[in-house]
Amino acid sequence: MAFGATMAHVKRLLESLLADPRIGEHAVYQGLEPARQAVYAMPGAGLSSSAQAGMTALGVERLYSHQAKAVELAAAGENLLLATPTASGKTLAFLLALDCARRADPEARGLFLYPLKALARDQLATIRRFFEAAEGLAAEPAAEVYDGDTPQSQRRRIRRTPPAVLVTNPDMLHLGIIPSHDAWAGFLARLAWIAVDEAHVYRGVFGAHVHHVLRRLLRLARDYGADPRIVAGSATIGEPEAFIETLTGEPCRVVRESGAAAAARHVLFLRPDAVSPYTVATRVVARAVEAGHRTIAFTKARRITELMQRWLAEGFPRVARRVASYRSGYLPEERRRIEQRLFSGQLGGVISTSALEAGIDVGGLDVCVLVGYPGSLATAWQRIGRAGRGARRSLAVLVALPDALDQFVVRHPEHFFSGEFERVVLDPRNDTIADAHFQAAASERSLDLAAARTLGGEAGPGRVLRLEREGKLIRAHEEERWFSLRRRPQREIHLRSAGQTYRLLRAGDGRLLGTLEPGRAWHEGHPGAIYLHGGQAWRVIDFDEEKREIHLESASVDYFTQVFARKETEILERGEERPLGPGKLAWGRLKVTTQVEGYSRRRIFGQEEISRHALEAPPQVMETVGFWFEAPENLAGHLVGRDFHPVGALHAVEHAAIGLFPLLTLCDRWDLGGISYARHPQVGAPAVFVYDAWPGGVGLARAGFRCAQELFERTRTLVAECECEGGCPACVYSPKCGSGNHPLDKQGAVEVLDVMLGRSVIDPSRVADPTAALAAHRRVVHGGVRGGGALEVESCAAEAGEPPVPPAEAAPDGGGRLEDYPWPDGVPALGELLDPSEGRWLFFDIETLRSAKDVGAWGKIDRMGCALAVCLDARSGELRSYFESDVSRLVDELLAADRVVGFNSERFDLTVLEGYEGSRVRGVRSLDLLAEIKQRVGRRFSLAHLAEQTLGASKTADGLQSLEWVKQGRYDLIEKYCRADVALTAALWAYGRHHGYLLCRSRDGHLGRVPVGW
């Protein structure tokens, strides 16, 4: 079938949809967005011959007015953002900016950054055509893609000879280019322009990560002598100036008046009532594809993408063969295959999540179906813009879900066309994210305070000093410069999630099916969950949290699964406050504990609950930020006196407010969490909380706090206008409610909002005692308990041949004193460093009879046996030695001490003694210097390394030599060696207590201070 349509065809499709009783009866609005005429202009300085040649190669004769303005700003060296609609020629503006730089310096380079691999590769041909025509670069590629799909041999060639334009994505920039900046030195030294396309995608967690990736890139480029400018493109958004400066950390000019032409577009709103909106949307897709129209449908959830594919296969099998599903979580080769079929026209349609919403030119789409309002005007128009490019007219169909936001939009179509685009919010100050990127930056090139300001503004130096105190950054010994001891910390930073993803593996052969973000793991990948992938249902049979693996088996079921959970929130820190009616509005840091308790099975058609099943899941604890209102203390009694359910009313307010939050800023319901209390224990009054559903927060709660009055006004309007009686998904129900949307009181919610907005006054004479109402369900919270377990270590005696009996002349002397060993200059004696109240301290080391090889493995340390041990009494300075026959007496002495200091003592020395004395050894109050350092800086250092770097001292031998002496029966030499190690351990402890740090050297030669707290 040939896909493609004229305007008449699109109009006939609209008429046929309206005539179809299963579709047309749900129509609530139809309109026509008129065509826009193009506005052309010429840059003040004109265009170079190279630019004109490049434009001709792209089939462009004249510049739109916003493109001309971009060229003028680029020529003046300004950073800029084009916040103009889809298909307005932003890529050409990027190319013309770089062309300006290359006219002045032919060696100037550009880095073009795209959020998706498919988008990057889609733009490659355009970039090449421009520069091949403009500069005659056909002999060698003018542009190259450098991403995870680029073969290693090609990567080496690109690094050696960088093209005029390097095309990549944030992930490769973060993991592959910036950490290997030495190999890219020539490219970075000539980097003139960084183009950031689809900038509006960089919101929330992803946006905060990309901010720091850009700051790291700019810092290195400037260190290499370049001063790159930034040119960015985005969909039309609210407050673009604040957004782009937050994203890049650089001052930027914004061009928002588009001169691009646009074809007319039909718009149809469908609001199904008695039938599933997904059924209606599936039918719209089927009818459009059947009629020969290339169609794209956008869903709001991966599960719905897969379900619609299944429903097409069941209800429209001939159409289903020409439609594919597309979403994140698919393996790269699956996504590439679908993209190629779509680009080539082999597919008549695709059902996608946001993974295809970015500006990929899929070639002549006619119809865009929004299966649910995507959460913002910016996103809606971005998705709609996938169809009807150029002069091609198109049809956009919005199928409203039973969701508060969807219902608000279809009831107020004027909002859809108002141009009141939402803000894009990100918060680079998120400590979890910023700390990780500072450590990455310090591993790439050591930081001074100026670099810290480049990376983090005025807060940067303070962050570096805090990271030093926490042991995450190491200060150079004699200068204000910091570095990281960790090798490639970038690998632990996942730009598109808040943590390490889970792998989805097929049971039996372990084949990788996809990945799942940590925040969704227990919600979508729990044991018993039905997970949809590639249109097929899979049942989770094993959840391995330690390995971060989820094992699945194929399943043929007619249901899906949904978890239920309980939550609790604790106010950690109050920030700003202001009055809200008779109560107050507050913002601050929160701790939220979520306990997943079980899951339900629900019918795919109808979604009625079939059964419930318990789950044993660990509590998920998150520190984040949120805003909340605190109502008058007598609000609960006021509600009871008017026959409202106080908990249900507050719960309904929470749901409805979260549902409408995306009217304020670009996000969706899943980016937020909420919790409501009839009496919060810290507040002492009713309260409703809304918080960022990401650790540390992503800026949404801050935006909500600023616009709370507007949010609650719109919430009140939505709930009051809804035609249902007791609440429904269109007003106060939430699809993610952990308590199953119970209890909810719709009319009570209106009263709560009237009170908080000053429209209703609490009459003290009518306030009832709320105790009885609250007793049944005091609060809508979801809390959890922590589980725990004990680790038992098997104890057994040494099992090997007896060591040789030492001859008398080789026996240890059994005594000695600390003054016989060198002590570091300027460090007080042990006795001076210890306060009498700290009690008796011993320093301790042990040498073994057998090696790990002798006993079979390092896991059998308790079988290695004690050749000789030495204890140093910190008060007296006396050194005492113990043979294997003295182990019981040795353990007695260790147990009697107030503190026993060793080096690798908890993992090794004390475990050796457990082989003789069992669990009795666990009562030793130990301080393991190696364990303390490892916990502080995440890396193990040998005693020899620390002694050499800190004290300028060397060990007299090592463990292998000691084992050889055991075989020779030279216990006298073992004793001297062991005493020297104990003395070194004591000296390191003393140096650390006196100075607050030890010295170490990094792999690349930096000498730095490891902070210690003993």
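Sequence order as written defines the numbering, with residues in each chain counted from 1. The predicted origin of the model limits local features to residues at a pLDDT of at least 70 and limits the giving and counting of side-chain atom pairs to 80 or more, whereas totals for whole chains, interfaces and linings rest on all residues. Only heavy atoms go into the side-chain values, all of them from the structure, while hydrogens and water stay out.

**Description of the overall build of the chain**
So, point 1. Secondary structure follows DSSP: runs of H or I at least 4 residues long count as helices, runs of E at least 2 residues long count as strands, and numbering of each begins at the N terminus. A count of helical and extended segments in the chain gives 36 helices and 37 strands.
So, point 2. The C-alpha atoms of the chain give a radius of gyration of 34 Å, which matches the 31 Å a tight globule of 1014 residues would have.
So, point 3. Summary of the burial criterion: residues with accessible area below 20% of their type's maximum are buried, those above 50% are exposed, and those between are partly exposed, where the area comes from a 1.4 Å probe applied to protein chains only. Looking at the 1014 residues of the chain, the share that counts as buried comes to 57%.
So, point 4. Across the chain, contacts joining residues at least 24 apart in sequence account for 74% of those joining residues at least 6 apart.
So, point 5. For the chain, the accessible surface area stands at approximately 40000 Å², while carbon and sulfur atoms represent 47% of it.
So, point 6. We score Asp and Glu as negative and Lys and Arg as positive, and we do not count His or the chain ends. Where a charge sits is defined by one atom per residue type, namely NZ (Lys), CZ (Arg), CG (Asp) or CD (Glu). Within the chain, the 128 negative side-chain charges are centred at a point lying 6 Å from the centre of the 125 positive side-chain charges. Note on method: radius of gyration uses C-alpha positions; expected globular size equals 2.2 Å times residues raised to 0.38. Contacts are assigned to residue pairs that have any heavy atoms within 4.5 Å of one another. Values of accessible area rely on a 1.4 Å probe in the Shrake-Rupley scheme; residue burial ignores everything except the protein chains shown.

**Some details on the sheet that holds strand β7 (residues 165-168)**
So, point 1. Taken in spatial order, the seven strands of this open sheet run β6-β7-β5-β8-β9-β4-β10, and their pairing is parallel. Of all the strands in the sheet, the pair left with one neighbour each is β6 (143-145) and β10 (253-255). Sheet twist, expressed as the mean angle between neighbouring strand axes with direction ignored, is 15°.
So, point 2. With four bridges joining them, strand β8 (residues 191-196) and strand β9 (residues 229-234) adopt parallel strand pairing. Across the sheet, Trp193 pairs through a bridge with Arg229, a residue of β9.
So, point 3. Sheet strands in contact with helix α6 (residues 117-135) are β5 (109-113), β6 and β7, and its direction is about 165° off that of β6. Strands are treated as partners if at least two bridges between them are detected by DSSP. Here an axis means a line fitted to C-alpha atoms, over the contact stretch when the element is a helix, while the angle between two N-to-C directions is reported on a 0 to 180 degree scale.

**Some remarks on the pairing of strand β11 (residues 265-270)**
So, point 1. Across the six residues of β11, six count as buried, placing the element largely inside the fold.
So, point 2. The alternating pattern of β11 places Arg265, Val267 and Phe269 and His266, Leu268 and Leu270 on opposite faces, both of which are buried.
So, point 3. In terms of strand pairing, strand β1 (residues 27-33) meets β11 through six bridges, oriented antiparallel. Paired with Ala27 across the strands is Leu270, a residue of β11.
So, point 4. As paired elements, β11 and strand β16 (residues 394-399) share six bridges and run parallel to each other.

**A short note on the nonpolar core**
One broad rule of soluble globular proteins: the nonpolar side chains tend to lie buried together.
So, point 1. Buried residues of nine kinds, namely Ala, Val, Leu, Ile, Met, Phe, Trp, Tyr and Cys, make up a nonpolar core once their side-chain atoms join them within 4.5 Å. Ranked by size, the top nonpolar core spans 85 residues in total, and within it Phe416, Phe627, Phe629, Phe712 and Val752 carry the most contacts.
So, point 2. In terms of residues, this core owes the most to one element, helix α24 (residues 646-660), which gives nine residues.
So, point 3. Look past the residues within four positions of Phe712 in its chain and what remains in contact with it is Leu580, Leu585, Phe627, Phe629, Ala657, Leu753 and Leu757.

**Digging into the environment of Asp435**
So, point 1. Note that Asp435 resides in helix α19 (residues 431-444).
So, point 2. You can call Asp435 buried: its relative accessible area is 8%.
So, point 3. Along the backbone, Asp435 and Asp147 are 288 residues apart, and their C-alpha atoms lie at a distance of 26 Å.
So, point 4. Contacts of Asp435, omitting those with residues within four sequence positions, involve Arg463, Arg466 and Leu467.
So, point 5. A polar side-chain atom of Asp435 sits 2.6 Å from a polar atom in the side chain of Arg463. Distance and chemistry together define a polar contact, namely a pair of N or O atoms within 3.5 Å, with one atom able to donate a hydrogen and the other to accept it when in protein, and with adjacent residues in sequence counting only for side-chain atoms on both sides.

**Some points on the confidence of the model for the chain**
So, point 1. A score from 0 to 100, pLDDT tells how confident the predictor is in each residue. In this model, the chain carries an average pLDDT of 89, and 92% of its residues clear a pLDDT of 70 or more.
So, point 2. Contacts of residues 1-7 to residues separated by more than four positions or lying in other chains number 23 contacts, the stretch itself having pLDDT below 50.
So, point 3. Ignoring residues within four places in sequence, the model shows residues 776-801, a span with pLDDT below 50, making 63 contacts including any to other chains.

**Things to note about the state of the cysteines**
So, point 1. Cysteine sulfur atoms that come within 2.5 Å of each other are treated as a disulfide pair. Taken as a whole, this structure holds zero disulfides when the rule is applied.
So, point 2. Cys707 takes part in no disulfide bond, and the closest cysteine sulfur, belonging to Cys667, lies 12 Å away.

**A look at the packing of aromatic side chains**
The geometry of two aromatic rings is summed up by the distance between their centres and the angle between their planes.
So, point 1. Aromatic rings from Phe, Tyr and Trp, taking only the six-membered ring of Trp, are treated as a pair when their centres fall within 6.5 Å; an angle between ring planes under 30 degrees marks them as stacked, one over 60 as edge-to-face, and anything in between as tilted. For the structure on display, the rule yields 25 aromatic pairs.
So, point 2. When the ring of Tyr677 is compared with that of Phe689, the centres are 6.0 Å apart and the planes differ by 75°; the resulting orientation is edge-to-face. Here Phe689 lies in strand β29 (residues 685-692) and Tyr677 lies in strand β28 (residues 672-680), a separation of twelve residues in the sequence.
So, point 3. Clustering of aromatic rings is evident, with ring pairs tying together Tyr29, Phe269, Trp381, Phe416 and Phe417.
So, point 4. Lying across the ring of Phe438, Arg463 places its NZ or CZ 5.8 Å from the centre.
So, point 5. Positioned above the aromatic ring of Tyr997 is the side chain of Arg1009, whose terminal nitrogen or guanidinium carbon lies 4.4 Å from the ring centre. Charges are assigned to positions over rings by a cutoff of 6 Å between ring centre and Lys NZ or Arg CZ, combined with an angular limit of 35 degrees from the ring normal.

**Considerations on the packing of helix α26 (residues 708-721) against helix α27 (residues 746-756)**
So, point 1. Closest axis-to-axis distance for the α26/α27 pair is 10 Å, and the angle between their directions is 150°. With respect to α27, the axis of α26 lies roughly antiparallel. At the point where α26 passes α27, the crossing takes the left-handed sense. Of the residues in α27, those in contact with Phe712, Thr715, Arg716, Val719 and Ala720 of α26 are Lys746, Val750, Leu753 and Asp754.
So, point 2. In this count, Pro and Cys sit with the nonpolar residues alongside Ala, Val, Leu, Ile, Met, Phe, Trp and Tyr, while Asp, Glu, Lys and Arg are called charged and the others, Gly among them, polar. The residue inventory of the contact of α26 with α27, partitioned by class, reads five nonpolar, one polar and three charged. Working rule for angles: under 35 degrees goes down as roughly parallel, over 145 as roughly antiparallel, 65 to 115 as roughly perpendicular, anything else as oblique. Here a crossing is taken to be left-handed if its near helix is turned anticlockwise relative to the far helix by less than a right angle, and right-handed if that turn runs clockwise.

**Examining the sheet that holds strand β12 (residues 295-298)**
So, point 1. Read from one edge of the open sheet, seven strands run β1-β11-β16-β15-β12-β14-β13, paired in mixed fashion. A strand with exactly one partner marks an edge of an open sheet, and here the two such strands are β1 and β13 (323-326). The sheet shows a mean angle of 15° between the axes of neighbouring strands, direction not considered.
So, point 2. Strand contacts of helix α13 (residues 302-315): β13, β14 (349-352) and β15 (367-371), with the helix running at about 165° to β13, the strand carrying the most contacts.
So, point 3. The strands touched by helix α16 (residues 377-384) within the sheet are β1, β11, β12, β15 and β16, with β15 carrying the most contacts at an inclination of about 145°.

**Section: the packing of helix α5 (residues 90-104) against α6**
So, point 1. In the contact formed by α5 and α6, the axes pass within 11 Å of each other and the chain directions differ by 35°. In the crossing of α5 with α6, the sense of the turn from one axis to the other is right-handed. Residue-level contacts link Thr91, Leu92, Leu95, Leu96, Leu98, Asp99 and Arg102 of α5 to Gln123, Thr126, Ile127, Phe130, Phe131 and Glu135 of α6.
So, point 2. Grouping the constituent residues of the contact of α5 with α6 by class yields seven nonpolar, three polar and three charged.

**Comments concerning the pattern of salt bridges**
So, point 1. Any Lys or Arg side-chain nitrogen located within 4 Å of an Asp or Glu carboxyl oxygen qualifies as a salt bridge. Considering all chains together, one arrives at 69 salt bridges under this definition.
So, point 2. We note a salt bridge from Arg466 to Glu470, for which the minimum N-O separation is 3.1 Å.
So, point 3. With a closest N to O distance of 3.5 Å, Arg889 and Asp886 form a salt bridge.
So, point 4. Judged by relative accessible area, Arg889 falls into the partly exposed class, the value being 47%.
So, point 5. Looking at Asp886, the relative accessible area reads 17%, which means it is buried.
So, point 6. Each of Asp431, Asp435, Arg463, Arg466, Glu470 and Lys472 takes part in a single network of salt bridges with overlapping partners.

**Quick word on the pairing of strand β27 (residues 620-630)**
In summary, the side chains of a regular strand alternate between the two faces of the sheet.
So, point 1. Burial analysis of β27 places eight of its eleven residues in the buried class, the great majority of the element.
So, point 2. As paired elements, strand β25 (residues 583-603) and β27 share eleven bridges and run antiparallel to each other. By the bridge assignment for β27, Arg589 is matched with Val625.

**Describing unusual backbone geometry**
So, point 1. Note the cis peptide between His742 and Pro743, where omega equals -10°.
So, point 2. Structurally, Pro743 can be placed in the loop between α26 and α27.
So, point 3. In this model, Arg488 sits at a positive phi of 50°, which is unusual for a non-glycine residue.
So, point 4. By the secondary structure assignment, Arg488 is in the loop between β18 (482-483) and β19 (502-506).
So, point 5. Assessed through its relative accessible area of 28%, Arg488 is described here as partly exposed.
So, point 6. Here the phi dihedral of Asn904 falls at roughly 65°; this positive angle occurs in a residue that is not glycine.
So, point 7. Within the fold, Asn904 resides in the loop between β34 (899-902) and α32 (905-917).

**Observations regarding the environment of Asp403**
So, point 1. With respect to the helices, strands and loops of the structure, Asp403 is situated in the loop between β16 and α17 (404-411).
So, point 2. With relative accessibility at 10%, the residue Asp403 sits in the buried group.
So, point 3. Residues Asp403 and Leu124 lie 279 residues apart in sequence; the distance between their C-alpha atoms is 40 Å.
So, point 4. Discounting chain neighbours no more than four positions away, the residues touching Asp403 are Lys300, Arg669, Pro729 and Ala730.

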